[in-house]
Amino acid sequence: MIDLSHGFSRRKFIAHTSCFGAFYAVAQLIPLPALAETLGIDSRVSQTPIVDKGFASVRKIGNGLYATISDPSKGNTTLCNGGFLAGKDGALLIEGFTTTAGASFQMDALRTVSQVPVKAALDTHYHFDHSMGNAFYGANGVPLWAHASAAKRIFENYMPLQGADQATALAPYAKRIKDAKSDAERQHAQSDLNAVTGLFQIVNSSILGLPNHPIDPAKLPMTIDLGGLSAVLESHPGHSGTDVIVRVPEQNVVYTGDLLFNGWYPVCFDEQATVSGWRATLAKFAAFDKDTLFVPGHGQICGQEGIATIREVFDDIAAQAEKMHKAGVPVQEAAERYVVPDKFKNFPIFAWGFTIGPAITKLYAEWQAK
Ligand SMILES: [Zn+2]
């Protein structure tokens, strides 16, 4: 049984669940768009993947640079994107993925192009879909790097779910569907229940692997020399409070982790997510070189147009929220009332309570703190 009074209240559970379940729940509704035509002619991006397993493919996107792009509609082995960098002396793997099979798949892909020792694997942040395959690295003696808070947050957020009774834990979500006062509210509550159901099933079938090489954000940026290939780690606020990106300045390539959702509504539920911080980070990305290639945490590889689009999504959420705030609409109501504009109608919203709802709640809190 779960002691609901002890660290597992509904509020806390919402705040503590990762974006993973959300992907799981709507996975079949999220076909991966093809590479944009503009990227089709980018000489850095190989047209043919070195491997394609359906759930993810790996392609060359630079000199020693590879992107692993997931297609959630074809399975949940990886769910998030990742990639790897292979220099003359060492390789860096990016992401622990949702399963050990996902992490293993990416390692195999690396080994088809390079036999250099793996210097490290990096979780770009602690969320479930980026870290539940971490045990693969432990089993293979690969040092696992992450933001200094990531290990603690994996433990705090996912440990309590292991062995918990699913029906008991999900009861508050089922109740929200029953108590909904409108169709919209009911649909939002249902999307949240789907999300946390998926989360539960995966957490309970995973063995937690904690990063053993904490990266102190105060010591970033940090340059890693892989032999003729230098990567720079940076930390930026926005998505999870543990976000680390990998930049390859010489080739204008950036692995953003979930600081970029390309063509998706951004996942803002994390207790340490900050809408103003995230928007400031995106403004920084927009100031990177105009030919920058971004490997987002979710969605297809993109150029600066992907950054412009997610900024527009945030602008739209903020504009609608501000109108409601000024009109005196209470926060809970405002969080349900956002209307998806036509231009974003194909953008996946894998769970309302992980994306738009908390974005509005956080915006209200920011305005009220002023
Ligand atoms: Zn995330």
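Caption draft 1: The arrangement of a nonpolar patch on the surface in detail. Judged by side-chain polarity, Phe155, Met159 and Leu210 come together as a nonpolar surface patch covering roughly 270 Å² of accessible area. Tracing the backbone shows Met159 in the loop between α7 (150-158) and α8 (166-179). Assessed through its relative accessible area of 38%, Met159 is described here as partly exposed.

Caption draft 2: The arrangement of the coordination of the zinc ion in detail. Distances from the zinc ion to its protein donors, namely His125 (NE2), His127 (ND1), His239 (NE2) and Asp258 (OD), fall within the range 2.1 to 2.3 Å. In terms of primary sequence, the donors binding the zinc ion are separated according to H-x1-H-x111-H-x18-D. Taken as a pair, His239 in the loop between β10 (230-235) and β11 (244-248) and Asp258 in strand β12 (residues 253-261) lie far apart in primary sequence, 19 residues in all. For the pair shown, His239 and Asp258 are each scored as buried.

Caption draft 3: Representation of empty space enclosed by the protein within the structure. Counting across every chain of the model gives one cavity of 30 Å³ or more. Of all elements in the fold, only β12 and β13 (293-298) reach the threshold of two or more residues within the lining of the largest cavity. With three residues, the top contributor of residues to the lining of the largest cavity is β13. Here the residues of the lining of the largest cavity are counted per class, giving four nonpolar, five polar and one charged.

Caption draft 4: Focus on the layout of surface pockets. Taken as a whole, the second largest pocket holds about 300 Å³ of empty space. Forming the boundary of the second largest pocket are 21 residues, of which Pro33, Ala34, Asn262, Gly263 and Gln300 lie nearest the centre. Looking at the lining of the second largest pocket residue by residue, the classes come out as 13 nonpolar, seven polar and one charged.

Caption draft 5: Quick peek at the pattern of salt bridges. Under the counting rule described, the total for this entry stands at 14 salt bridges. Ionic pairing is found between Asp270 and Arg153, a salt bridge with its closest N-O pair at 3.0 Å. Placement of Asp270 in the loop between β12 and α10 (275-286) and of Arg153 in helix α7 is noted, with a sequence separation of 117 residues between them. In this structure, Asp192 and Arg176 form a salt bridge, with 2.8 Å as the shortest nitrogen-oxygen distance. Taken as a pair, Asp192 in helix α9 (residues 183-203) and Arg176 in helix α8 lie far apart in primary sequence, 16 residues in all. Residues participating in the shared-partner salt-bridge network are Arg153, Asp270 and Glu271.

Caption draft 6: Seen up close, α8. When the terminal C-alpha atoms of α8 are compared, their 20 Å separation across 14 residues agrees well with the 20 Å that a helix rising 1.5 Å per residue should span. The largest bend along α8 measures about 40 degrees and falls at Pro172. Turning to α8, its buried residues are Thr168, Ala169, Leu170, Pro172, Tyr173 and Ile177.

Caption draft 7: Spatial organisation of the sheet that holds β10. Taken together, five strands build an open sheet; the order of strands is β9-β10-β11-β12-β13 and the sheet is mixed. Edge positions in the sheet fall to β9 (222-225) and β13, since each of these pairs with one other strand and no more. Averaged over all pairs of adjacent strands, the angle between strand axes in this sheet comes to 30 degrees, irrespective of strand direction. In this structure, β12 lies alongside β13, joined through five bridges in parallel fashion. Bridge pairing links Gly257 to Pro296 in β13. Its contacts with the sheet put α10 on β11, β12 and β13, and the angle it makes with β12 is roughly 155 degrees. Seen against the sheet, helix α11 (residues 304-326) touches β12 and β13 and runs at an angle of roughly 20 degrees to β12.

Rules and cut-offs
Residues numbered from 1 in each chain as written. Predicted model: local features only at pLDDT ≥ 70, side-chain atom pairs only at ≥ 80, totals over all residues. Heavy atoms only, no water. Patch = residues over 30% accessible without salt bridge, like charges linked within 9 Å, V, L, I, M, F, W, Y side chains within 5 Å. Areas by Shrake-Rupley, 256 points an atom, 1.4 Å probe, with all protein chains shown as cover. Salt bridge = Lys/Arg side-chain N within 4 Å of Asp/Glu carboxyl O. Helix = DSSP H or I, 4+ residues; strand = E, 2+ residues; numbered from the N terminus. Buried < 20%, exposed > 50% of the residue type's maximum accessible area, 1.4 Å probe, protein only. Donors = N, O, S within 2.8 Å, 3.2 Å for Na, K, Ca; no water. 1 Å grid on protein atoms, 1.4 Å probe; cavity = no way out; pocket = protein on both sides within 12 Å on 5 of 7 lines; lining within 4 Å. Points joined across faces, edges and corners; volume = space filled by probe spheres on them. Nonpolar A, V, L, I, M, F, W, Y, C, P; charged D, E, K, R; others polar. Expected span 1.5 Å × (residues − 1). Bend = angle between axes of the 7 residues up to and from the residue. Pairing = 2+ DSSP bridges. Axes fitted to C-alpha atoms, helices over the stretch in contact; angles between N-to-C directions. Contact = heavy atoms within 4.5 Å.

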